[in-house]
Every structure is written in C-alpha cells, then in structure tokens.
Amino acid sequence: MNHTFDGLGFYPADILIPKAGTDLTRWSVVACDQYTSQPDYWQRVERYVGDAPSSLRLILPENRLHTDHVHQDIQAINQTMERYQAEGLFQCLPDSLIYVERTQGNGVVRKGLVGMVDLEEYDYTPGATGLIRATEGTVLSRIPPRVDVRRNASLELPHVMLLIDDIEQAVIEPLAGQSGEMELLYDFDLMEGGGHLAGWQLTSAQMEGVAAGLRTLTDLERFSNQYRVKDKPVLLFAVGDGNHSLATAKTTYELLKRENPAAAALARYALVEVVNLHDAALEFEPIHRVMFGVNPEAALESLLAAYPSAYLGRGEGHLLHYVYEDTEGTITVPHPTAQLTVGTLQGWLDSYLEQHGGTVDYIHGEDVTRTLAKQPGCLGFLLPPMSKNELFRTVICDGVLPRKTFSMGEACDKRFYLEARKIR
C-alpha cells in the first residue's frame, strides 16, 4: 500500500493488463450496462471477438442479467477468469496508477487516472458523508443480481468513473504534458466506433504529485469556501458512471467481512477511473420526463397546488416547461427548496403517480419528448441542462440527486474494459 495516499480514499493498485501480443481491440468492450435494449450490438461484438481473448468473457452484459441461464453464464465467467490467469495472459503492474487518454467519437480527448478506491470511504446511502459518494439514488433491487456476478469472481474489471471537482486542473491535466516520461502501456482503436484508447504508467514522482493535488482538494477551509458551506464533511469523489457497479462492490465487500474476514482484504478496494469534472470532453445532457396515462390538465393543476407560490408563466425560480398535444407552457416555482429544477419536478412527480396512477419514462432528446407528449394521455416536461458546476454543491447540500438527472456522454463514449485487478 502506497502511504503517500493515506486518507485520500484513492490508491495505486496492482493492475493487470493483457500481455503484449494480445489483440486489444478484441479484448476491450464497452461497459456492461450499455445497449441493454439493443441486443444486436452485443451480437455484433460476439461475432467480432470470436475465440480471441476478450473482456467480453469476463463480464455479463446487463441484457443477459435476468435470463434463465444467468447462473451458467456467471460460472463460465469465473472459470474464464481462472483460465486466463493460469495461461499467463496478464502482466501485473504493481503499486501503479495509469494515465489514460480516451479519444471519443467526436474526436475530443478525455483524460483519466486508473487506480483503486477504498470502499470503507464510500457509502451510497442517502445522506452519506464519506469522501466518496453516489450522485444519484441507488435502486436497491438492482444490487443482488450483480452481487451474484461478483462474489465468487477472482478478478474485477472497472467501468466506474469517479469525478473530482478540480477547477484549477492541477491533478490529472499536468500528466498530459509528461507522458514522455512514462512507459506507454497500450495505444489502440476501440471497436464499434468507440474511438481510441492510450495509457501510460506513472512514475513515482508523478504519483506523489497526484497525491499532493488530491490532498489540496481535501483541505477543509478551501472546501468550505468553494461550496459556500459550513460544518460539512469533505466530498472528494462523486460517482459519475457505474453507480450500481460500485454499490455492488461495496455490498460484496460487506458480505465478505461478515462471512470470511480473511478473504475481504482484496475486496476492500475497487478499481476505478478518476476524471476531472472540468475536463472539456465531459458533457452533461438533460434527461426529460414524459408521463403516460394521465390527464395533463389535472396533473398541471396538481403541480401548481403542490407549490402554493407557483404560477403559470416565466419568472424567477425553477422553470418547469411542459408540453402535451398542441399545448406548451411554463410553470414557475419561486424560492425552491431543491437545488435543481429536476428535484422540484421529481418531488411532485413521484407523489402524483403514486396517488393517481400512470407511469413515467425518462427520455434523451427534446424532439423525442415532444413527439411522445403529443399522444393522448401524455404530459412531457423539458428540463434544462445541469451545469457541471452544480454537481458537487448539490450532492453536498441535498444528498444524492433525483434519479435520471443527467447523462454523461453517449453510449459509445462510455468506459471500455481493459485493466483488471485481483479481488480474491
């Protein structure tokens, strides 16, 4: 354990990467929670990978999570993990951090840092105050089937992305100009339009610089001034992608602590990629709402009644822009208690559906929202994009965000699996 990072919740790790000669384009596949409604994507990946060594054999795409043969799939994954290790497929980079550059589909480069987090410093429950916190509500029913995948696995492969709020860009960004001092580990094109991925192993001096930069972000006076809060514990890492994956790692670790404490040492940590919230490649896109099976006029009357000071028209406060059939307008909620517009809307929305029935869907894209809202019995709400600068303060002040608050990039730009780590 590198003690330079003590107290930061993030550490260098013994990272496994495929040995030279492995076809990394076939090895590396996108996060398992993507393209869940597009089985043809995963069928193409299956055909492309063929018999080549691949992380596809070490993960379970979520569209297969609830099939009749899921237990056989999990058993096959665990066996393949053991076989790949026995065959010497991996090289180990002890006590290491990896600087990664991901060229996205739009040509913009996203910079990241791969290491491990201490799950003792992470809590996904609402109101958590640890160094590492979830940004959205965790759906507890989604955890047990994922624990089934992880609890007997000997390896983990991360698609978790954690965010730091480093507005001075002092932690990760300086590494971009120092890659010539590092060892290049991989540099290749990703499949299915995923762009390009390159990674370098940090030197000891560079790791010390990362630790110093992270420690600056934990300074309590700086933290209190930056977020205009008093007596609030420091938030260093906010989960950007992979919330349920990290929650699964935490749950599995807690189970192991009770059942077999001696086996819990490796499981205490989880491999992640850390990205700066202020990286130009990161774009937050709003996720709109469409209600189905409701009377739009009655629903809007209920919304106005839920916030007695609310009124029709645009003013100062949270603006809730609605559309249905050929009608659209705005309700203003002055002096909102929630930090975000989506919080004001969701607080009413959940209560209304529980009392009056109907369903809600979460929609990417204004055009799709408008098209769906034209159907009888539908009511759409177009939400504003969330500023990246609001994320940390909102989590600090409100706790986890309402579910489906924002989307962080397109599916093809999500994290691809490459690195691994032993967890048993």
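Above this text sits the structure in question.
First, a word on what this report is: a plain description of the structure on this page. (Residues numbered from 1 in each chain as written. Predicted model: local features only at pLDDT ≥ 70, side-chain atom pairs only at ≥ 80, totals over all residues. Heavy atoms only, no water.)

### A few points about unusual backbone geometry
1) Next: Although it is not a glycine, Asp-95 sits at a positive phi angle of roughly 45°.
2) Next: As for its position among the elements, Asp-95 is in strand 3 (residues 90–96).
3) Next: Looking at Asp-95, the relative accessible area reads 31%, which means it is partly exposed.
4) Next: Even without being a glycine, Asp-231 presents a positive backbone phi close to 55°.
5) Next: Inspection of the secondary structure puts Asp-231 in the loop between helix 6 (220–227) and strand 12 (237–241). (Helix = DSSP H or I, 4+ residues; strand = E, 2+ residues; numbered from the N terminus. Buried < 20%, exposed > 50% of the residue type's maximum accessible area, 1.4 Å probe, protein only.)

### Structural notes on the packing of aromatic side chains
1) Next: With the rule as written, the count across this model stands at 15 aromatic pairs.
2) Next: Both rings, one in Phe-5 and one in Phe-10, keep their centres 6.4 Å apart while their planes meet at 70°; by these two values the pair is edge-to-face. For the pair Phe-5 and Phe-10, one class covers both residues: buried.
3) Next: Centre to centre, the rings of Phe-10 and Phe-237 are 5.9 Å apart; their planes meet at 45°, and the pair counts as tilted. Placement of the pair is Phe-10 in strand 1 (residues 10–11) and Phe-237 in strand 12, with a sequence separation of 227 residues.
4) Next: On the accessibility criterion, Phe-10 (1% relative accessible area) is buried.
5) Next: Take Phe-237: its relative accessible area is 0%, and that puts it in the buried class.
6) Next: Every member of this aromatic cluster is reached through a ring pair, and the members are Phe-5, Phe-10 and Phe-237.
7) Next: The lysine or arginine in question, Arg-26, covers the ring of Tyr-48, its NZ or CZ lying 4.2 Å from the ring centre. (Phe/Tyr/Trp six-rings, centres within 6.5 Å; stacked < 30°, edge-to-face > 60°. Lys NZ or Arg CZ within 6 Å of the ring centre and 35° of its normal.)

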